[in-house]
Amino acid sequence: GTPEILLANRTKARADALAAEFGDRIKVIDWADISAATADVATLVNTTSLGMTGQAPLEITLHCGQNTLVTDIVYAPLQTDLLKQATAKGCQIVDGLGMLLHQAVPGFEAWFGIRPSVDETLRQSEQPCEPGYRCDAGVRSPCSSDSSVNGVHAYYCMDGISFAVDAGNYSING
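One structure accompanies this document, and this report is about it. (Residues numbered from 1 in each chain as written. Predicted model: local features only at pLDDT ≥ 70, side-chain atom pairs only at ≥ 80, totals over all residues. Heavy atoms only, no water.)

With respect to the pairing of strand β4 (residues 69-72)
Bridge count between strand β3 (residues 43-46) and β4: 4 bridges; the pairing is parallel. Bridging across to β4, Leu 44 finds its partner in Val 70. Note: β4 against strand β5 (residues 92-94), 3 bridges, orientation parallel. Each residue of the ladder has a partner; that of Leu 69, found in β5, is Gln 92. One crossover worth recording links β4 to the parallel β5 by way of helix α3 (residues 81-88), and it is right-handed. (Pairing = 2+ DSSP bridges. Helix = DSSP H or I, 4+ residues; strand = E, 2+ residues; numbered from the N terminus. Right-handed = clockwise from strand over helix to strand, strands pointing away.)

Here it is, written out as structure tokens:
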């Protein structure tokens, strides 16, 4: 297992409460010390909304080496400033799209009666598109919320991500 987990929260009391709940391996650090702490980590995970479109930036300077895994749960934009810094340092990165896709599966199944598989094909179907529009095969069209039960034809757009189902074929476009 991991010998130590460094935890920072913008509200130190929340970090302290989490550390108390999860035990001695959790070491709370001050929010202001995050950049310096990155020099000695094997994995760095941003679980805040900082850096997401419409949110404040995540103000961090990475001091990690290229063996560090850097992941950001933010999915808009997919390539956050944090991930751009990590890429420039040669780190392995994981963006927030996987988390978004996996979280969408139960809701998608509840609404449409079909459980999509999250795989590389689904992930690669993601294409940048502005909020309120669908972008399929380079064609930009306004989002609509259209559903037909028998033909299973539905399009839904949310935060610049459109979910589409056509008779068992799934796509998610961002």
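Quick notes on α3
Residues of α3 that are buried include every one of Leu 82, Leu 83 and Ala 86, and no others. The buried side chains of α3 occupy one side of the element, clustering within an arc of 95° when seen end-on. Opposite its buried face, α3 presents the exposed residues Asp 81 and Ala 88, each directed more than 90 degrees away. (Buried < 20%, exposed > 50% of the residue type's maximum accessible area, 1.4 Å probe, protein only. Arc of directions from axis to C-beta.)

Observations concerning the layout of surface pockets
The computed volume of the largest pocket comes to approximately 840 Å³. The element that contributes the greatest number of residues to the lining of the largest pocket is β3, accounting for 4 residues. Counted by class, the lining of the largest pocket contains 17 nonpolar, 7 polar and 4 charged residues. (1 Å grid on protein atoms, 1.4 Å probe; cavity = no way out; pocket = protein on both sides within 12 Å on 5 of 7 lines; lining within 4 Å. Points joined across faces, edges and corners; volume = space filled by probe spheres on them. Nonpolar A, V, L, I, M, F, W, Y, C, P; charged D, E, K, R; others polar.)

Here's the deal with the packing of aromatic side chains
By the definition in use, this model includes 0 aromatic pairs. The lysine or arginine in question, Arg 10, covers the ring of Trp 31, its NZ or CZ lying 6.0 Å from the ring centre. (Phe/Tyr/Trp six-rings, centres within 6.5 Å; stacked < 30°, edge-to-face > 60°. Lys NZ or Arg CZ within 6 Å of the ring centre and 35° of its normal.)

Examining the side chain of Asp 95
Mapped onto the elements of the fold, Asp 95 is located in the loop between β5 and α4 (97-112). On the accessibility criterion, Asp 95 (13% relative accessible area) is buried. Only 3.0 Å separates the side chain of Asp 95 from the backbone nitrogen of Leu 97, close enough to count as a polar contact. (Polar contact = N/O pair within 3.5 Å; in protein donor to acceptor, adjacent residues only side chain to side chain.)

Quick word on the pattern of salt bridges
On inspection of all chains with the given rule, the structure shows 2 salt bridges. Of the charged contacts in the structure, one is a salt bridge between Asp 16 and Lys 12, with a shortest N-O distance of 3.5 Å. Remark: Lys 12 and Asp 16 occur in helix α1 (residues 12-22); sequence separation between them is 4 residues, near one turn of the helix. The class of Asp 16 is partly exposed, set by a relative accessible area of 34%. With a closest N to O distance of 2.7 Å, Arg 115 and Glu 109 form a salt bridge. (Salt bridge = Lys/Arg side-chain N within 4 Å of Asp/Glu carboxyl O.)

A word on unusual backbone geometry
Cis geometry marks the peptide bond from Ala 76 to Pro 77, where omega comes out at 5°. With respect to the helices, strands and loops of the structure, Pro 77 is situated in the loop between β4 and α3.

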